[in-house]
Amino acid sequence: MARKKTEHKAERLESIRDAHNAEKGGRTTRMEDYLEVIYELIQHKGYATTVDISSYLNVSSPSVTKMLQRLSESGHVNYEKYRGITLTDSGVAVAKSMHDRHGVLAEFLMMIGVDEDTANRDAEGIEHHLHPETLKKLEEFVKLAKSQGLAR
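Now for a look at the structure at hand. Nothing here was measured: the structure is a model prediction, and the numbers come from that model.

Secondary structure summary: the protein chain contains seven helices and two strands in total. N-terminal to C-terminal, the α/β element order of the protein chain is α-α-α-α-β-β-α-α-α. Within the protein chain, the proportion of its 152 residues that are buried is 31%. Excluding contacts between residues fewer than 6 apart, the proportion of contacts in the protein chain whose partners are at least 24 apart in sequence is 55%. Of the roughly 10300 Å² of accessible surface on the protein chain, 53% is carried by carbon and sulfur atoms.

And the structure:
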């Protein structure tokens, strides 16, 4: 019995390590947050500014500028100081993926009775760490539940 517990703990540690080291194309969770906020701002207002990003992410303007430079170097945004911010095709792809993940997760959480505000907050935390196959299964479940009238 003690041996099984030890093996389970070792497997759990490996799973934590693997999740932490999962390859996301060199992106960090924070980078994904920035891309998603830029995407949402552009969808909502038609443009994104460092002041808006700073406000939404509750970070300083110099932090935003530093991250925008990193995102520019990684090919996710076009950023020139005082000129504006646009997403590249790869930036749009990442941001749209995060947006879609968030939507599926929030919808699932609301289906099981979580209120909308809590569902959105929780989805924001979960969306970065979900395996693509798990997300696919959640999406299939949500579609099935909707088609059978089990969800709104």
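Before going further, it helps to spend a moment on the layout of surface pockets. In this model, the second largest pocket occupies a volume close to 200 Å³. Considering the residues around the second largest pocket, the lining is formed by Glu-36, Val-37, Glu-40, His-99, His-102, Gly-103, Asn-120 and Glu-124. Counting residues per element, the ones that place at least two in the lining of the second largest pocket are helix H2 (29–45), helix H5 (89–111) and helix H6 (116–126). Across the lining of the second largest pocket, the residue classes tally to one nonpolar, four polar and three charged.

This paragraph deals with the nonpolar core. Of all hydrophobic cores here, the largest spans 22 residues; its most connected members are Tyr-34, Ile-38 and Ile-53. Elements supplying a minimum of two residues to this core: H2, helix H3 (50–57), helix H4 (61–73), strand E1 (77–80), strand E2 (84–87) and H5. Here this core takes seven residues from H2, the largest share from any one element. Not counting the four nearest positions on each side in its chain, Tyr-34 is found in contact with Ile-53, Leu-57, Val-59, Ser-63, Val-64, Met-67 and Leu-71.

A few words on the side chain of Asp-33. Looking at where Asp-33 falls in the secondary structure, it is placed in helix H2. A distance of 2.7 Å separates the side chain of Asp-33 from the side chain of His-128, its partner in a polar contact.

Quick look at H4 now. An α-helix turns once every 3.6 residues. As a result, residues three or four positions apart point the same way. Taking 1.5 Å of rise per residue, 13 residues should cover 18 Å, and H4 covers 18 Å from first to last C-alpha, within 8% of that figure. Lining the buried residues of H4 we find H2, H3, E1 and E2. Positioned one or two residues after H4, Gly-75 has a phi angle of 85°, which is positive.

What counts, and at which threshold
- Residues numbered from 1 in each chain as written.
- Predicted model: local features only at pLDDT ≥ 70, side-chain atom pairs only at ≥ 80, totals over all residues.
- Heavy atoms only, no water.
- Helix = DSSP H or I, 4+ residues; strand = E, 2+ residues; numbered from the N terminus.
- Buried < 20%, exposed > 50% of the residue type's maximum accessible area, 1.4 Å probe, protein only.
- Contact = heavy atoms within 4.5 Å.
- Areas by Shrake-Rupley, 256 points an atom, 1.4 Å probe, with all protein chains shown as cover.
- 1 Å grid on protein atoms, 1.4 Å probe; cavity = no way out; pocket = protein on both sides within 12 Å on 5 of 7 lines; lining within 4 Å.
- Points joined across faces, edges and corners; volume = space filled by probe spheres on them.
- Nonpolar A, V, L, I, M, F, W, Y, C, P; charged D, E, K, R; others polar.
- Core = buried A, V, L, I, M, F, W, Y, C linked by side-chain atoms within 4.5 Å.
- Polar contact = N/O pair within 3.5 Å; in protein donor to acceptor, adjacent residues only side chain to side chain.
- Expected span 1.5 Å × (residues − 1).

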